Amino acid sequence: MSCKKGLLFLIIASTIVASCGKDKNIPDVSDIEADVEVRRFERDLFLLDTANMAQALENLESKYPEFSNIYFGQILGSTDSLIAPEGHPAYVKGFIRYPTVRQLYDTTQIIFGDFSDIRDRYHQAFQFLKYYFPDQPTPDVTTFISEYSVAAFIYGDNQLAVGLDLFLGENYPYQKYNPNNTNFSAYLVRTFNKDHLVSKSLQPLIADLIGLPQGNRLLDLMVHNGKELFILDKLLPFAPDSVKLEITSEQVKWLEDNELEMWAYFLKENAGFSDQNLLYSSDWQAIRKYVEYSPSSPGMPEQAPGRTANWLGWKIVEAYMERHPEATMQDLINLKDAQTLLDQSKYRPKRR
């Protein structure tokens, strides 16, 4: 199969087993059952009968028992007498009637009124989840709004919650509502859209599968985060790397073109990191921007994105899995020692 410009292919995504660009061995998961239930909590919340608020709220909580406890208790705070001294029903009633909140809800319904395309993406991702993790239950998806505070989390038995108000598009005026919030920096807001919703919302699920890193050196963190990216890539094999990495396509190209130079930089001796190279440093302030959200990577050209170490960690994990084709995804997760994984990967970046 070849890629040809100007030729439009209409293909059911779950049946695609080859793609243009990066070669991947993508399994056929079209026969795997993975029914996706999407529950629109925010819609049920804002349609409550405010004339009979206490009873309406009780009915809503019966429909969403576990999620309601989290939403009202930890996100909205309406069950906390210090936050809502007027009481839970009165606080929720005020929340859903407040003009700016109501406008926010209306905006989410315009953008996400039809959720079918996103449901299809979840369906395919959950088919791959079943393929690689057959014992994992298929998640259901609950949507909500939180006034820009929570993008996604998991709860219960693999249940996934998605905050729609953090996916309204890069042109939505997030900074207008909280100009000093660094979470609304331009390099982050450019990913607050539909294209990134499924990828971003799967990250808590993957993080829960993997657990915490076993160490605080840069190597430990980059290999741990590389595992997360590797699994995300397996669940979303047709999504662009720019979406999974949350950077621009130009920055992806820069990473690919400078793999050897980045690896050499992390291995450089006596670079001011407590008489050791950066790879084995546990100085959080020195390594933070290489593994956490940042617009850039210190010591690298301005074209370099942040979190460059995570991308290298992904390449290391890929090298390990290529050398150990017998290893399952669970085997990868169980291999906790980053140094052992690096040694057994025989990772050697190529000069381009």
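Residues numbered from 1 in each chain as written. Predicted model: local features only at pLDDT ≥ 70, side-chain atom pairs only at ≥ 80, totals over all residues. Heavy atoms only, no water.

This next bit is on unusual backbone geometry. For Tyr148, which is not glycine, the phi torsion reads 70° and is therefore positive. Non-glycine residue Asn158 carries a positive phi angle of around 70°. Tracing the backbone through its elements, the reader meets Asn158 in the loop between strand 3 (152-155) and strand 4 (159-163). (Helix = DSSP H or I, 4+ residues; strand = E, 2+ residues; numbered from the N terminus.)

Turning our eyes to something else, we now look at the pattern of salt bridges. Evaluation of the coordinates by the stated rule reveals 9 salt bridges. One salt bridge connects Asp44 with Lys63, and the closest N-O pair in it is separated by 2.8 Å. Taken together, the positions of Asp44 in helix 1 (residues 41-46) and Lys63 in helix 2 (residues 53-63) put the pair 19 residues apart, joining distant regions of the chain. In this structure, Arg217 engages Asp220 in a salt bridge whose closest nitrogen and oxygen atoms are separated by 2.9 Å. (Salt bridge = Lys/Arg side-chain N within 4 Å of Asp/Glu carboxyl O.)

Bringing the sheet that holds strand 4 into the picture now. Sheet architecture is open: 4 strands sit in the order 1-2-4-3, paired in mixed fashion. Edge positions in the sheet fall to strand 1 (38-40) and strand 3, since each of these pairs with one other strand and no more. Here the average twist between neighbouring strands, direction ignored, is 25°. With 4 bridges joining them, strand 3 and strand 4 adopt antiparallel strand pairing. Of the residues in strand 4, the one forming a bridge with Ala152 is Val162. Packing against the sheet, helix 6 (residues 116-132) makes contact with strand 1, strand 2 (141-144) and strand 4, and its axis sits at approximately 145° to strand 4. (Pairing = 2+ DSSP bridges. Axes fitted to C-alpha atoms, helices over the stretch in contact; angles between N-to-C directions. Contact = heavy atoms within 4.5 Å.)

Turning our attention to the packing of aromatic side chains. Applying the stated criterion across every chain, the model contains 31 aromatic pairs. Three or more aromatic residues joined by ring pairs make a cluster, and in this case those are Phe41, Tyr64, Phe67, Tyr71, Phe72, Phe144, Phe153 and Tyr155. Positioned over the ring face of Tyr293 is Arg307, at 4.0 Å from the centre of the ring. The ring of Trp314 has Lys315 lying over it, and the distance from NZ or CZ to the ring centre is 4.6 Å. (Phe/Tyr/Trp six-rings, centres within 6.5 Å; stacked < 30°, edge-to-face > 60°. Lys NZ or Arg CZ within 6 Å of the ring centre and 35° of its normal.)

Turning next to the packing of helix 10 (residues 218-235) against helix 14 (residues 284-291). Between helix 10 and helix 14, the shortest axis-to-axis distance is 10 Å and the interhelical angle comes to 15°. Taken together, the axes of helix 10 and helix 14 lie roughly parallel to each other. Between helix 10 and helix 14 lies a crossing whose hand is right-handed. For the pair helix 10 and helix 14, contact is made by Leu218, Leu221, Met222 and Asn225 and by Trp284, Ile287, Tyr290 and Val291, respectively. Per-class residue counts for the contact of helix 10 with helix 14 are 7 nonpolar, 1 polar and no charged. (Parallel < 35°, antiparallel > 145°, perpendicular 65-115°, else oblique. Left-handed = near helix turned anticlockwise from the far one by under 90°. Nonpolar A, V, L, I, M, F, W, Y, C, P; charged D, E, K, R; others polar.)

Another point: the environment of Phe133. Inspection of the secondary structure puts Phe133 in the loop between helix 6 and strand 2. The spacing of Phe133 and Leu219 is 86 residues in sequence and 26 Å in space, taken between C-alpha atoms.

Below, the discussion takes up the packing of helix 15 (residues 308-323) against helix 17 (residues 338-345). One can describe the packing of helix 15 onto helix 17 by two numbers: an axis separation of 8 Å at closest approach and a directional angle of 60°. As far as their axial angle goes, helix 17 and helix 15 are oblique. The handedness of the crossing between helix 15 and helix 17 comes out as left-handed. Only Leu341, Leu342, Gln344 and Ser345 of helix 17 make contact with helix 15, whose side of the interface consists of Ile316, Val317, Ala319, Tyr320 and Arg323. Per-class residue counts for the contact of helix 15 with helix 17 are 6 nonpolar, 2 polar and 1 charged.

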